[in-house]
Amino acid sequence: MARPLLTLILPPLLGLFILALGNGFLSTLVTLRLDNAGASVETIGWVSSAYYVGLALGAVLNDRLLLRIGHIRAYACFASLVAAAALAQALWLDAGWWFAMRLVGGWATVGVYLVIESWLLTSGDSARRGQILAFYMISLYAALALGQLLLGLFEAPFDATPYVVIGMLASLSVLPLCIIPRVSPLLEHAVPLPPWRLIRVTPTGIMGVFGSGLIVAALYSLLPLYLQQTGLSVERLGQFMAAVIVGGMALQYPMGRWSDRHDRQIVLIILGMTLIALSLALPLAAAMSELALGIVLFVFGGMAFSLYPVAMSHAADRAPPQALVGMSQGLLLINAVGCTLSAPILTGVMGQTGGNGLFYGLAMISAAMALFFMWRRSVRPAPQPVAPFAAHPVQTVVGAELDVTEEMVAGAEIQAEKDEAEEAAHQDNARYDSAAHANDKTAPLSQ
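Residues numbered from 1 in each chain as written. Predicted model: local features only at pLDDT ≥ 70, side-chain atom pairs only at ≥ 80, totals over all residues. Heavy atoms only, no water.

An unreviewed UniProt entry lists the protein under the name MFS transporter, with Kushneria marisflavi as the source organism.

Now the structure itself:
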């Protein structure tokens with residue numbers, strides 16, 4: 001990767017690392033604290049879902065602040081809210097209060113993700129997109145893994161100390177973006193790309209980020225509950241959670257390079273099928289030994305956490321360049337919806353079938369994704385350039401014919417969808433400029 005590009009993406013990655021280092025184990029801490037206080041599985045599930053409800057709300061609204069004040073100031077606002085929400089949870093233990101604070105925390109956290117992802121997507125081209133997002137996920141998961149290990153450092157993990165540490169780290173995460181003398185990417189006219197239009201542009205990307213939300217949210221909120229019910233200590237539980245996240249971190253860059261060099265639809269199909277096998281292997285590994293469980297969780301984390309960046313790269317390949325901020329916002333919203341539905345759905349399965357129902361549910365989600373990816377691959381394969389070069393024997397003018405292939409048709413359809421989105425954006429901008437001009441004319445009269 002070129003040094004100027006690496007320098008441009010370094011400040012947001014450092015800020016994200018510091019924030020996620022503290023915020024990473026908060027979901028696990030909330031689950032363990034509520035379980036220690038005697039809360040029911042359903043209560044734990046709904047409090048965990050509040051965070052993802054906040055993610056969904058923030059994914060709808062946060063782009064307005066980003067476009068208005070820019071990347072750095074928007075990041076400072078969202079990081080401050082993350083710190084305040086974490087510190088507020090230390091005031092008192094109440095399910096309703098924690099529901100509200102987790103909702104605020106989710107709203108602010110998705111703002112951080114929107115700032116970082118739009119920064120990175122506008123910093124490089126499609127040839128390096130998978131690698132750039134791989135660095136993003138490596139920074140995130142490295143911090144989350146270290147955050148899980150922080151659970152074992154607190155002698156009394158259920159007092160106020162962990163929440164103070166989380167708030168301090170969220171506040172300090174602003175420093176790299178403010179101190180490092182690099183400008184953030186310029187935000188020109190942003191093309192709106194609402195979810196219903198995004199579904200037309202990239203159904204595969206939508207399904208990928210939605211399934212990723214279902215699976216990853218279950219790993220954060222329900223896997224700790226399953227491990228605690230098996231009798232593991234808090235320190236040992238943190239090590240298993242760290243194994244999941246380290247697995248996700250270790251496979252990010254290889255998967256990113258692979259998806260840059262091959263058809264991302266094929267990569268997504270392989271990921272889905274691998275997750276089915278690993279989900280069914282988890283109950284067997286848990287019955288064998290802790291070592292076997294740790295190895296399977298490591299590989300499962302690598303596959304599960306690779307879903308989102310590969311699906312996002314696939315979606316970015318299909319979206320117009322001016323719509324990357326809107327696309328990132330739409331994907332975060334779809335991912336947040338999946339995260340929100342994860343705990344209520346899987347806790348219901350666990351209530352009917354026991355703790356292993358978590359893994360059976362993950363297998364069904366993975367199977368649904370794999371089947372959808374294969375169907376989309378059969379309906380709409382990856383397009384080649386609209387007019388790919390191919391050598392033909394010399395022909396006379398009379399005998400020359402245009403060889404219209406399926407690849408050319410698919411490429412033309414994708415280009416038409418992009419042109420339609422850009423045209424809609426230009427019309428929206430024209431209406432906005434016309435309204436603004438009319439207001440300027442009438443302003444002196446109103447004064």
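With that settled, consider helix α15 (residues 290–318). An ideal rise of 1.5 Å per residue puts 42 Å on 29 residues; α15 measures up with 43 Å between its terminal C-alpha atoms. If you look at α15, its biggest bend is around 30 degrees, right at leucine 307, and the proline proline 309 turns up within four residues after that. Most of α15 is tucked away, with 23 of its 29 residues classed as buried. (Helix = DSSP H or I, 4+ residues; strand = E, 2+ residues; numbered from the N terminus. Expected span 1.5 Å × (residues − 1). Bend = angle between axes of the 7 residues up to and from the residue. Buried < 20%, exposed > 50% of the residue type's maximum accessible area, 1.4 Å probe, protein only.)

What follows concerns the nonpolar core. One finds Leu223 and Leu358 to be the most contacted residues of the largest nonpolar core, which totals 116 residues. With 15 residues, α15 is the largest single contributor of residues to this core. Here this core spans two domains, since at least three of its residues come from each of domain 1 (1–181) and domain 2 (193–429). Each residue touching leucine 358, except ones within four places of it in the same chain, is listed here: Ala218, Leu222, Leu223, Tyr226, Leu346 and Met350. (Core = buried A, V, L, I, M, F, W, Y, C linked by side-chain atoms within 4.5 Å. Domains from an automatic or database assignment. Contact = heavy atoms within 4.5 Å.)

So, on to the confidence of the model for the protein. Counting all residues, the mean pLDDT for the protein is 77, and 75% of those residues have values of 70 or more. Below pLDDT 50 for its whole length, residues 383–405 participates in 15 contacts with residues either more than four positions away or in separate chains. (pLDDT = per-residue confidence, 0-100.)

Per the stated rule, a full pass over the model turns up five cavities of 30 Å³ or more. Looking at the largest cavity, its volume works out to about 450 Å³. For the lining of the largest cavity, the secondary structure elements donating two or more residues are α1 (3–23), α3 (41–69), α5 (95–121), α6 (129–149), α10 (203–221) and α16 (324–353). Classifying every residue of the lining of the largest cavity gives 18 nonpolar, six polar and two charged. Looking at which domains feed residues into the lining of the largest cavity, each of domain 1 (1–181) and domain 2 (193–429) supplies at least three. (1 Å grid on protein atoms, 1.4 Å probe; cavity = no way out; pocket = protein on both sides within 12 Å on 5 of 7 lines; lining within 4 Å. Points joined across faces, edges and corners; volume = space filled by probe spheres on them. Nonpolar A, V, L, I, M, F, W, Y, C, P; charged D, E, K, R; others polar.)

Within this structure, the stated rule accounts for six aromatic pairs. Between the aromatic rings of tyrosine 220 and phenylalanine 305, the centroid separation amounts to 6.1 Å while the plane-to-plane angle is 20 degrees, which identifies the pairing as stacked. Remark: phenylalanine 305 occurs in helix α15 and tyrosine 220 occurs in helix α10; sequence separation between them is 85 residues. On the accessibility criterion, phenylalanine 305 (1% relative accessible area) is buried. (Phe/Tyr/Trp six-rings, centres within 6.5 Å; stacked < 30°, edge-to-face > 60°.)

Position of threonine 202 among the secondary structure elements: in the loop between α9 (195–201) and α10. According to the relative accessible area criterion, threonine 202 is buried, its value standing at 1%. One polar contact links the side chain of threonine 202 to the main-chain amide nitrogen of glycine 205, over a distance of 3.0 Å. Contacts of threonine 202, omitting those with residues within four sequence positions, involve His314, Ala315 and Arg318. (Polar contact = N/O pair within 3.5 Å; in protein donor to acceptor, adjacent residues only side chain to side chain.)

Now for the pattern of salt bridges. Scanning the entire structure with this criterion turns up two salt bridges. Two residues, glutamate 290 and arginine 236, come together in a salt bridge whose shortest N-O distance is 2.9 Å. Of the two residues, glutamate 290 sits in helix α15 while arginine 236 sits in helix α12 (residues 234–250), which places them 54 residues apart along the sequence. Its relative accessible area of 38% is what places glutamate 290 among the partly exposed residues. Taking the relative accessible area as the measure of exposure, arginine 236 reaches 33% and is therefore partly exposed. (Salt bridge = Lys/Arg side-chain N within 4 Å of Asp/Glu carboxyl O.)

On to helix α7 (residues 161–172), then. Here α7 is twelve residues long and its end C-alpha atoms lie 17 Å apart, about the 16 Å a rise of 1.5 Å per residue gives. Those residues of α7 that fall on the buried side of the exposure criterion are Pro162, Tyr163, Ile166, Gly167, Leu169 and Ala170. The arc that holds every buried residue of α7, seen down its axis, measures 165 degrees, which confines them to one face. (Arc of directions from axis to C-beta.)

So, about the packing of helix α4 (residues 71–88) against α7. To describe two helices that pack against each other, one gives the angle between their axes and the distance between the axes. Between α4 and α7, whose axes approach to 8 Å, the crossing angle comes to 175 degrees. Classified by the angle between their axes, α4 and α7 sit roughly antiparallel to one another. Between α4 and α7, the residues in contact are Ala79, Val82, Ala83, Ala86 and Leu87 and Tyr163, Val164, Ile166, Gly167, Ala170 and Ser171, respectively. A class-by-class count of the residues in the contact of α4 with α7 yields nine nonpolar, two polar and no charged. (Axes fitted to C-alpha atoms, helices over the stretch in contact; angles between N-to-C directions. Parallel < 35°, antiparallel > 145°, perpendicular 65-115°, else oblique.)

Moving on, we get to the environment of phenylalanine 372. With respect to the helices and strands, the residue phenylalanine 372 is situated in helix α17 (residues 357–379). In sequence terms phenylalanine 372 and methionine 207 are 165 residues apart; their C-alpha atoms lie 7.8 Å from each other. Ignoring anything within four residues of it in the chain, the contact list for phenylalanine 372 reads Pro203, Thr204 and Met207.

What follows deals with a nonpolar patch on the surface. Taken together, the side chains of Leu291, Ile295, Phe298 and Val299 make up a nonpolar region of the molecular surface, amounting to roughly 350 Å² of accessible area. For leucine 291, the location among the structural elements is in helix α15. By relative accessible area, which is 63% here, leucine 291 ends up exposed. (Patch = residues over 30% accessible without salt bridge, like charges linked within 9 Å, V, L, I, M, F, W, Y side chains within 5 Å. Areas by Shrake-Rupley, 256 points an atom, 1.4 Å probe, with all protein chains shown as cover.)

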